[in-house]
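Listed below, chain by chain, are the residues.
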Amino acid sequence: MRYIDPHIHMVSRTTDDYQRMAQSGCVAVTEPAFWAGFDRSSAQGFFDYFRQLTEYEPRRAALFGIRHFTWLCINPKEADDPAFAREVVSIIPEFLKCDTVLGIGEIGLNKNTRNELIILEEQIALAERYNQLVLVHTPHLEDKRKGTRLIMDALSASNIDPGKILIDHVEEHTVAEVLDRGFWAGMTLYPDTKMTPQRATDVIEMYGSERIWMNSAGDWGCSDPLAVPKARLEMTRRGHSMALVDKVTFDNPLSFLSQSPRFHL
Amino acid sequence: MTQVNATCPMTREQVVNQYFLEHRAKLLDIAAFLDRLDRTQGPGSADFRETAMKEAVRILIDGQPQRAKRVLDILSDSTTELPQSAHGMKGASGAVRPVAASTGGAK
Ligand SMILES: [Zn+2]
């Protein structure tokens, strides 16, 4: 078996995690730029982070036969100061030339503020200008439904094909709108704030397996880098076909990500 | 577009056999959490999260479909205003905080 974990923050994981993921069938990961658990004090901090994502992590993953790709942006949590955010956004274009960068992400909203929305719109424009795929973070908990709608409205106001945009961290109250509006949907298997493998499997049963994937979003918080193989097991335990299991954990991410000429296995 | 009928490949008996113990344990966790609230020391009235949870629990036994979605809807912000900045705002708490509330709050 082989699978792709299309959203995982490997900078926060140990090398042992790469090894266990490879042993579990992981052949590729994509890592969006995100909040590191603390606010960086300067744009230079992001420059170093982008170097880590584009230079160091691909080499560490390759030790275990895993391909590592990345997405770049300023995350919504650190985008509340527009002047600072613009300084960070200005260094992204030079990194878009790197051959493992798939697009802009994970952009989105955190507390659904006007400042976050301004920077979201500017990064959507950046993705449009450079013809990039987009990976979207939606807010957690009580802010998710409102934030997801605001984000979809901002995306729909651009000229980016919704088929080139994946909206992540969907749950039962947002998945239908995301799919109905033509976007791809990501389900994040995360112990406290998002989905269990059981609920993710329920969503696939109810909403189908088109334009949807699963990821672990493994990061510095309580999270599980083996969440995707655990969801595969949950699906097979229920009697779903291997073809369906492979579709949502391998074929679908492959289809979406292959819209970038940079993605290959 | 939501298909709710006959979308799980298992029989009712198989689902109960496979998941009952797991969810029995989660049910007991909720029961013990509510008991723990009753056993707390000092003053304090139900905060918005407790109230929201009790409202959500009613959905579990109303016999209607889409329970997970409806529970999430109860726990979702329905306002349309956008604050300018997140500066000074509390982190997400998992339920909708009343506008005037100034105490409590998870990180
Ligand atoms: Zn993430």
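Our structure is the block above this text.
Residues numbered from 1 in each chain as written. Chains lettered and ligands numbered in written order. Predicted model: local features only at pLDDT ≥ 70, side-chain atom pairs only at ≥ 80, totals over all residues. Heavy atoms only, no water.

Participant: I'd like to hear about the overall build of chain A, residue by residue, with values.
Facilitator: Helix and strand content of chain A: 10 helices and 8 strands. Its C-alpha atoms give chain A a radius of gyration of 17 Å, near enough to 18 Å, the size a compact globule of 265 residues would have. Projected onto its principal axes, the C-alpha positions of chain A cover 50 × 40 × 35 Å. Evaluated residue by residue, chain A yields a buried proportion of 62% over its 265 residues. Across chain A, every contact between residues at least 6 apart in sequence was considered, and the portion connecting residues at least 24 apart equals 73%. Averaging the locations of the 29 positively and 37 negatively charged side chains of chain A gives two centres separated by 2 Å. (Helix = DSSP H or I, 4+ residues; strand = E, 2+ residues; numbered from the N terminus. Rg over C-alpha atoms; globule rule 2.2 N^0.38 Å. Buried < 20%, exposed > 50% of the residue type's maximum accessible area, 1.4 Å probe, protein only. Contact = heavy atoms within 4.5 Å. Lys, Arg positive; Asp, Glu negative; His and termini not counted. Charge placed at Lys NZ, Arg CZ, Asp CG, Glu CD.)

Participant: Any chance you could break down the coordination of the zinc ion for me, citing the residues and the numbers?
Facilitator: Residues and elements named next belong to chain A. Donor atoms from the polypeptide that coordinate the zinc ion comprise His 7 (NE2), His 9 (NE2) and Glu 106 (OE), at 2.0 to 2.1 Å from the metal. In primary-sequence terms, the residues that donate to the zinc ion follow H-x1-H-x96-E. Of this pair, His 9 sits in the loop between β1 (3–5) and α1 (15–23) while Glu 106 is found in strand β4 (residues 101–108), placing the two residues 97 residues apart along the sequence. Note on accessibility: His 9 and Glu 106 belong to one class, buried. (Donors = N, O, S within 2.8 Å, 3.2 Å for Na, K, Ca; no water.)

Participant: So what's going on with the pairing of strand β3 (residues 67–72) of chain A? Which residues, and what values?
Facilitator: Residues and elements named next belong to chain A. The buried fraction of β3 amounts to 5 of the 6 residues, a majority that puts the element mostly inside the structure. Across 5 bridges, strand β2 (residues 26–32) lies against β3 in parallel orientation. Residue pairing for β3: Pro 32 is matched across the bridge by Trp 71. Traced from β2 through helix α2 (residues 43–62) to β3, the parallel crossover comes out right-handed. Across 3 bridges, β3 lies against β4 in parallel orientation. Within β4, the residue paired with Trp 71 across the bridge is Gly 103. (Pairing = 2+ DSSP bridges. Right-handed = clockwise from strand over helix to strand, strands pointing away.)

Participant: Before we move on, could you go through the side chain of Ser93(B) and cite the residues and values that matter?
Facilitator: Checked against the element boundaries, Ser93(B) lands in the segment after α3 (67–74). Polar contacts involving the side chain of Ser93(B) include one to the main-chain carbonyl oxygen of Ala95(B), which spans 3.1 Å. (Polar contact = N/O pair within 3.5 Å; in protein donor to acceptor, adjacent residues only side chain to side chain.)

Participant: How would you summarise the pairing of β2(A) if you had to cite specific residues and measurements?
Facilitator: Within β2(A), 6 of the 7 residues are buried, which leaves the element mostly enclosed by the surrounding structure. Chirality of the crossover, the property in question, places the unit of β1(A), α1(A) and β2(A) among those that are right-handed.

Participant: Give a detailed account of the packing of aromatic side chains, specifying residues and quantitative values.
Facilitator: All names here are of chain A. In this structure the tally under the stated criterion is 10 aromatic pairs over all chains. Relative to Phe 263, the ring of Phe 69 has its centre 4.7 Å away and its plane inclined at 45°; by these criteria the two rings are tilted. Residue Phe 69 is located in strand β3, and its partner Phe 263 is located in the segment after α10 (242–257); the two are separated by 194 residues in the primary sequence. Just as Phe 69 is buried, Phe 263 falls in that class too. Over the ring of Phe 46 we find Arg 40, and its NZ or CZ is 4.3 Å from the ring centre. It is Arg 40 that lies over the ring of Tyr 49; its NZ or CZ is 4.5 Å from the centre. (Phe/Tyr/Trp six-rings, centres within 6.5 Å; stacked < 30°, edge-to-face > 60°. Lys NZ or Arg CZ within 6 Å of the ring centre and 35° of its normal.)

Participant: Please provide a residue-by-residue account of the sheet that holds strand β5 (residues 133–137) of chain A, values included.
Facilitator: Residue and element names in this part refer to chain A. Sheet architecture is open: 8 strands sit in the order β1-β2-β3-β4-β5-β6-β7-β8, paired in parallel fashion. Taken across any chain shown, the strands that pair with only one partner, and hence form the sheet edges, are β1 and β8 (212–215). Averaged over neighbouring strand pairs, the angle between their axes works out to 25° when direction is ignored. Contacts between helix α5 (residues 114–129) and the sheet are confined to β4 and β5, with β4 contributing the most and set at about 160° to the helix. (Axes fitted to C-alpha atoms, helices over the stretch in contact; angles between N-to-C directions.)

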